[in-house]
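Residues per chain are reported as follows:
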There are 2 protein chains.
Amino acid sequence: MLEYIILGFLYQNSLTGYDIKKCIDQGVGMFYRVSYGSLYPLLDRLRNKELVTCSSEIKGKRETKKYEITDKGQQVFMQWLTEEEYENSSIEAFMARVYFFDLLTEATAFAIIQRYEAKLKVYLQELLKKKEKYEEAGRQRYYYKVSTLYFGICKIQSILDWCSVTKQKEDLNTLMKVERED
Amino acid sequence: MLEYIILGFLYQNSLTGYDIKKCIDQGVGMFYRVSYGSLYPLLDRLRNKELVTCSSEIKGKRETKKYEITDKGQQVFMQWLTEEEYENSSIEAFMARVYFFDLLTEATAFAIIQRYEAKLKVYLQELLKKKEKYEEAGRQRYYYKVSTLYFGICKIQSILDWCSVTKQKEDLNTLMKVERED
DNA sequence: GAGAGCATGTAATCAGTTACATGATTAC
DNA sequence: GTAATCATGTAACTGATTACATGCTCTC
């Protein structure tokens, strides 16, 4: 996962390890975190797989390493970005992919979001069924247990809203709730 | 994390490892998953720490092991459940805790949710600032990058809605969007 | 000259998965 | 009799964190 995100940031610019961490923190930090302890070994692995190259630059007394994506790396990244059977797709993993969708054609991005939306709708139905079961049983004693279920349902619904707006490249502000008092 | 969740399910009933997995899958499966490969070693560890005891029962030819929480285990669980400085609190971790809030007094549950809400509001303000920056820059080229930011904001807003409803033990159905056509 | 930020890395550890391995019991 | 489910576990591996270790460069 992180390997692909690194490739994604290298897709547009050559960066140092340090830069990459900053990009990840600021760009997809909501969905993924990295520590240097995992980043640098990962960069070595990417180099061994020939998905990136590395060139040392000496600025004054300090050596910095700039990483550049290779053609093979670009292919691997694009493959991941458009993969139909992207299985371990938690919403976080999905959003980390969407972050790079500006690199795709509109049609491709649309299709991927649509596929994800379809899967979510199935899942939402399951949750709604589960919720009904709980309500039948009329379990007032389990208020918080039920509330976590409601949370799950709301979450899916809000992702679905996001999908429908983003898919059409509508004005994202329609997602915001205006009537918010705090 | 999983250790506490296991203790939570044992808090009310003695269970086998197999049962615990079912409870986790069905109860907090939205937030956490377990495999047997992590569950059984974890149960051993809990036993070493004397947070659970284990008794073998022989049903016919099959040996089953029932796990029971100890007093110490109950204390450790309750400590976790009410901990003020619960740092690694992703929303998933938080919700996994809320799942067990029926074990708390209303006042305690209220206070914990309120604290979480306060933190989220600060975070939301940060995200809104970041969003404004993007808009100032008027980056139409980065539609999807911005859309993931909107997603983050919507997510936080929907958690805040959940907090305000749940905190007051209001009817959870008010969280549902009625005007939903699909 | 001090502190923030730039820059790279290792070692120990932790938390978890996947695949393997086995076999009993129940419901149809 | 067979398939689903009950039931427990190990071994190899993966992916990541935390703490440690070092030292330069820029800005005030």
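Residues numbered from 1 in each chain as written. Chains lettered and ligands numbered in written order. Predicted model: local features only at pLDDT ≥ 70, side-chain atom pairs only at ≥ 80, totals over all residues. Heavy atoms only, no water.

### Here's the deal with the overall build of chain A
Part 1: Helix and strand counts for chain A come out as 7 helices and 2 strands.
Part 2: Against the globule reference of 16 Å for 182 residues, chain A gives a C-alpha radius of gyration of 21 Å, more extended than a compact globule.
Part 3: Principal axes of the C-alpha set define a box for chain A whose edges measure 70 × 35 × 35 Å.
Part 4: Sorting the 182 residues of chain A into buried and exposed places 46% on the buried side.
Part 5: Nonlocal contacts in chain A, meaning residues at least 24 apart in sequence, comprise 54% of its contacts between residues at least 6 apart.
Part 6: Summing over all exposed atoms, chain A offers an accessible surface of approximately 9,900 Å²; the carbon and sulfur share of this is 48%. (Helix = DSSP H or I, 4+ residues; strand = E, 2+ residues; numbered from the N terminus. Rg over C-alpha atoms; globule rule 2.2 N^0.38 Å. Buried < 20%, exposed > 50% of the residue type's maximum accessible area, 1.4 Å probe, protein only. Contact = heavy atoms within 4.5 Å. Areas by Shrake-Rupley, 256 points an atom, 1.4 Å probe, with all protein chains shown as cover.)

### Side note on the domain arrangement of chain A
Where interface size is given, it is often the accessible area lost as the parts come together that is meant.
Part 1: Segmentation of chain A into domains returns domain 1 (2-85) and domain 2 (105-175).
Part 2: Taking only C-alpha atoms into account, the centre of domain 1 of chain A sits 33 Å from that of domain 2 of chain A. (Domains from an automatic or database assignment.)

### Some details on the sheet that holds strand E3 (residues 62-69) of chain B
To summarise the sheet geometry, strands pair through backbone hydrogen bonds and adopt either a parallel or an antiparallel arrangement.
Residue and element names in this part refer to chain B.
Part 1: In spatial order, the strands read E1-E3-E2; together these 3 strands make up an open sheet with antiparallel pairing. Sheet topology places strand E1 (15-16) and strand E2 (52-59) at the edges, where each strand pairs with a single neighbour.
Part 2: Relative to E3, E1 is paired through 2 bridges, and the arrangement is antiparallel. From the neighbouring strand, Leu15 faces E3, where its bridge partner is Tyr67.
Part 3: Its contacts with the sheet place helix H1 (residues 2-12) against E1, E2 and E3, and it is angled at close to 95° to E3. (Pairing = 2+ DSSP bridges. Axes fitted to C-alpha atoms, helices over the stretch in contact; angles between N-to-C directions.)

### Details of the protein's contact with DNA strand D
Part 1: Surrounding DNA strand D, one finds 23 residues, the nearest of these being Ser35 and Lys61 of chain A together with Tyr18, Arg62 and Lys65 of chain B.
Part 2: Sugar plus phosphate: this is where 67% of the atoms of DNA strand D within 4 Å of the protein reside.
Part 3: Arg62 of chain B is positioned such that a nitrogen or oxygen atom in its side chain is 2.4 Å from a base oxygen of DNA strand D.
Part 4: Mapped by element, the contributors of at least two residues to the surface near DNA strand D are helix H3 (36-48) of chain A together with helix H2 (17-27), helix H3 (36-48) and E3 of chain B.
Part 5: Element by element, the count of residues in the surface near DNA strand D is highest for E3 of chain B, at 5 residues.
Part 6: Its residues placed into classes, the surface near DNA strand D shows 5 nonpolar, 8 polar and 10 charged. (Near = heavy atom within 4 Å. Polar contact = N/O pair within 3.5 Å; in protein donor to acceptor, adjacent residues only side chain to side chain. Nonpolar A, V, L, I, M, F, W, Y, C, P; charged D, E, K, R; others polar.)

### Quick word on helix H6 (residues 106-136) of chain A
Side chains of residues three or four places apart in an α-helix project in the same direction, reflecting 3.6 residues per turn.
Part 1: Helix length check: H6 of chain A, at 31 residues, gives a terminal C-alpha distance of 44 Å against a target of 45 Å (1.5 Å per residue), a fit within 8%.
Part 2: What H6 of chain A keeps buried is the set Ala109, Ile112, Ile113, Tyr116, Glu117, Leu120, Leu124, Leu127, Lys131 and Tyr134 of chain A. (Expected span 1.5 Å × (residues − 1).)

### As for the state of the cysteines
Part 1: Under the defined criterion, the tally for this structure stands at 0 disulfides over all chains.
Part 2: Cys154 of chain A supplies the cysteine sulfur nearest to Cys163 of chain B, a cysteine that is in no disulfide, at a spacing of 12 Å.
Part 3: Given a relative accessible area of 0%, Cys163 of chain B falls into the buried group. (Disulfide = S-S within 2.5 Å.)

### What to know about H3 of chain B
Residues and elements named next belong to chain B.
Part 1: The end-to-end C-alpha distance of H3 is 18 Å, a good match for the 18 Å that 13 residues give at a rise of 1.5 Å each.
Part 2: Residues of H3 that are buried include every one of Leu39, Leu42, Leu43 and Leu46, and no others. Viewed along the axis of H3, the buried residues span an arc of 105°, placing them on a single side of the element. Those residues of H3 that are exposed and angled more than 90 degrees off the buried face are Gly37 and Asn48.
Part 3: As for H3, its buried residues are in contact with H1, H2, E2 and E3.
Part 4: Looking at the residues trailing H3, positive phi occurs at Glu50, about 60°. (Arc of directions from axis to C-beta.)

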